[in-house]
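Remarks on the overall topology
The lines below spell out each chain.
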Amino acid sequence: MLSPEILDTFRQLLEEAKASGDPEPTAMNLATVDTDGRVASRIVLLKGVDERGLRFHTNYDSDKGGQLAAHPQVALCFHWKQLRHGVQVRVEGVARKLQAEESDAYFATRPRGSQLGAWASLQSQNLPSRQSFDERVARYEREFEGRDVPRPPHWGGYLVEPDTVEFWYGAEFRLHERVRWSRHGQTWTHRLLYP
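Bear in mind that the values here come from a model prediction, so they are computed numbers and not experimental data.

Counted according to the given criterion, the structure contains 11 salt bridges. Ionic pairing is found between R84 and E16, a salt bridge with its closest N-O pair at 3.1 Å. Note that R84 is positioned in the loop between β5 (73–80) and β6 (87–97) and E16 in helix α1 (residues 4–19), a separation of 68 residues in sequence. Across the salt bridge formed by R52 and D50, the nearest N and O atoms sit 3.6 Å from each other. Since its relative accessible area comes to 29%, R52 is described here as partly exposed.

Take the UniProt feature "domain: Pyridoxine 5'-phosphate oxidase dimerisation C-terminal" (unreviewed entry) in the chain next. The positions that UniProt labels "domain: Pyridoxine 5'-phosphate oxidase dimerisation C-terminal" (unreviewed entry) are, in the present scheme, residues 155–195. Counted over residues 155–195, helix gives 0% and strand 73%. Its end C-alpha atoms are 39 Å apart.

Further remarks concern empty space enclosed by the protein. Tallied over the full model, the rule gives two cavities of 30 Å³ or more. If you add up the space inside the largest cavity, you get close to 60 Å³. Along its surface, the largest cavity is lined by L2, I6, L7, F10, V49, L54, V89, V91, V165 and F167. Sorting elements by how many residues they give to the lining of the largest cavity places α1 first, with three residues. Counted by class, the lining of the largest cavity contains 10 nonpolar, no polar and no charged residues. Considered as a void within the structure, the second largest cavity measures approximately 30 Å³ in volume. If you trace the second largest cavity, you find it lined by R90, V91, E92, T164, E166 and R180.

Turning our eyes to something else, we now look at the layout of surface pockets. By volume, the largest pocket amounts to about 330 Å³. Considering the residues around the largest pocket, the lining is formed by 16 residues, among which H57, T58, R110, Q123 and W155 are closest to the centre. Counting residues per element, the ones that place at least two in the lining of the largest pocket are β2 (39–45), β4 (53–59) and α4 (112–120). Taken together, the residues that form the lining of the largest pocket break down as six nonpolar, seven polar and three charged. Taken as a whole, the second largest pocket encloses approximately 160 Å³ of empty space. In terms of lining, the second largest pocket is formed by A120, S121, L122, Q123, Q125, N126, L127, P128, S132, F133 and R136. Tallying contributions element by element places helix α5 (residues 130–143) first for the lining of the second largest pocket, with three residues. Residue composition of the lining of the second largest pocket, by class: five nonpolar, five polar and one charged.

Inspection of the entire model under this criterion finds 10 aromatic pairs. The interplanar angle of 20° and the centroid separation of 5.4 Å between the aromatic rings of F56 and Y158 together place this pair among those described as stacked. Placement of F56 in strand β4 and of Y158 in strand β7 (residues 155–169) is noted, with a sequence separation of 102 residues between them. Measuring from ring centre to ring centre gives 5.3 Å for W119 and F144, while their planes differ by 50°; the resulting arrangement is tilted. In this pair, W119 sits in helix α4 while F144 sits in the loop between α5 and β7, placing the two residues 25 residues apart along the sequence. On the basis of relative accessibility, which here comes to 17%, the residue W119 falls in the buried class.

Scoring rules and cut-offs
- Residues numbered from 1 in each chain as written.
- Predicted model: local features only at pLDDT ≥ 70, side-chain atom pairs only at ≥ 80, totals over all residues.
- Heavy atoms only, no water.
- Salt bridge = Lys/Arg side-chain N within 4 Å of Asp/Glu carboxyl O.
- Helix = DSSP H or I, 4+ residues; strand = E, 2+ residues; numbered from the N terminus.
- Buried < 20%, exposed > 50% of the residue type's maximum accessible area, 1.4 Å probe, protein only.
- UniProt positions renumbered as here; feature names shortened; annotations may be inferred.
- 1 Å grid on protein atoms, 1.4 Å probe; cavity = no way out; pocket = protein on both sides within 12 Å on 5 of 7 lines; lining within 4 Å.
- Points joined across faces, edges and corners; volume = space filled by probe spheres on them.
- Nonpolar A, V, L, I, M, F, W, Y, C, P; charged D, E, K, R; others polar.
- Phe/Tyr/Trp six-rings, centres within 6.5 Å; stacked < 30°, edge-to-face > 60°.

In structure tokens form, the structure reads like this:
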């Protein structure tokens, strides 16, 4: 569980990022590890945050889904260059699948095209041609014509339960301010770090 202070600070920074004109303020880098210990990272979108942690959604059969199944320890990083002299929020913790009801509720809010894409995309697998993908999209358009698109069983959300959160505030001459929070059981403590 995130402490109220961490959650309030994060939410305030996220609102500042949204107000700054950042075209994708919820974009965060997600780093995972595969079974060979090889690190992979990519940008995903934050789809919710509360005292339990941070949420994102993806195809469970994707490379990242396989990596999360093998090693649920992850790192997230937000970088908002427009705020002050730049702000980063770094999060480390464990990613767990959301309950089906939560994934269903979010999936229902997605644009229909994105819902169809979740069915059509064999994410991370080889694609013979763009036409093959377009044909798969058309197939699911026909299959779900005139009705709601249900969430595919291979698609859903993750909750990242943090054990470390760092707020990094840029400053002139690289004299940055770093505040790192660490969880010990249910207790959070913080300390300053040299930049």
